[in-house]
Amino acid sequence: MADANLQLDGERVTLRFDRVVPASPAATWSALVDPSMLKEWLAEAEFDASVGGAVHLVWPGQGEMRGTVQVCEEPSLIEYTWDESDGSSLVRFEISPRGDDESSMRFIHSGTTKEGASGFGAGWQSHFEALDVVLAGGKSTQDQRNERYEELHPSYLEAVAQL
């Protein structure tokens, strides 16, 4: 089932996830910007968490993305462009405390195409589920994330078709 809220903005789609993360804002921040942590739940990464800093994410055998940090307010906000060969979009993570060892995380991916939105939705949801596992002390593999993506993708195709 699709966890994202999808909204059509003209010809572009915005995906929004509102999640409770099982870690403090500082630990959540590290998971979002530290290459050694990103590798555990998202992709191999080079990440300069400063305004104008470069972001480079690689999914071995599957593709890569480059971007530039637009906003950086540690440990509560990071926003960067998502630049691929077929266009550019914007990702934004907003983090706030929730109790002693939890955070609220709002994630917004704006400016995607309708064609790309279902893949982004299934991908982000599978990665965020992996983030929860990693922050709780578990392990996540690329194969597990890929399998979960395949399970989720049909529900996102349906959600996008209804926009």
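Our structure's up above, just so we're on the same page.
Computed from a prediction, not measured in an experiment: that's the story for all the values here. (Residues numbered from 1 in each chain as written. Predicted model: local features only at pLDDT ≥ 70, side-chain atom pairs only at ≥ 80, totals over all residues. Heavy atoms only, no water.)

A. Structural detail: helix α3 (residues 114–135). Here α3 contains 22 residues, and its C-alpha end-to-end distance of 31 Å stays within 8% of the 32 Å for a straight helix at 1.5 Å per residue. Burial analysis of α3 places 16 of its 22 residues in the buried class, which makes it a mostly covered element. One or two positions beyond α3, positive phi appears at G137, with a value near 100°. (Helix = DSSP H or I, 4+ residues; strand = E, 2+ residues; numbered from the N terminus. Expected span 1.5 Å × (residues − 1). Buried < 20%, exposed > 50% of the residue type's maximum accessible area, 1.4 Å probe, protein only.)

B. Looking closely at the nonpolar core. Residues W41, L57, Y80, W82, F93, W124 and F128 are the most contacted members of the largest nonpolar core, which totals 42 residues. In this structure L57 touches L42, A43, E44, A45, G63, E64, M65, Y80 and W82, once residues within four positions along its chain are discounted. (Core = buried A, V, L, I, M, F, W, Y, C linked by side-chain atoms within 4.5 Å. Contact = heavy atoms within 4.5 Å.)

C. Spatial organisation of the side chain of T81. With respect to the helices and strands, the residue T81 is situated in strand β6 (residues 77–84). Engagement of the side chain of T81 in a polar contact is seen with the backbone nitrogen of T68, the distance being 2.8 Å. Side-chain polar atoms of T81 contact the side chain of D83, separated by 3.0 Å. When sequence neighbours within four positions are dropped, the list of residues in contact with T81 reads M65, R66, G67, T68, Q70, S88, S89 and L90. (Polar contact = N/O pair within 3.5 Å; in protein donor to acceptor, adjacent residues only side chain to side chain.)

D. The pairing of strand β2 (residues 12–21), seen in detail. Strand direction decides the pairing type here: strand β1 (residues 5–9) and β2, joined by 5 bridges, are antiparallel. Note that in β2 the partner of Q7 across the bridge is T14. Connecting β1 to the antiparallel partner β2 that follows it, the hairpin turn spans 2 residues, and G10 within it adopts a positive phi of roughly 65°. The sheet contact formed by β2 and strand β8 (residues 103–113) spans 9 bridges and is antiparallel. Looking at the pairing, R16 lines up with I108 of β8. (Pairing = 2+ DSSP bridges.)

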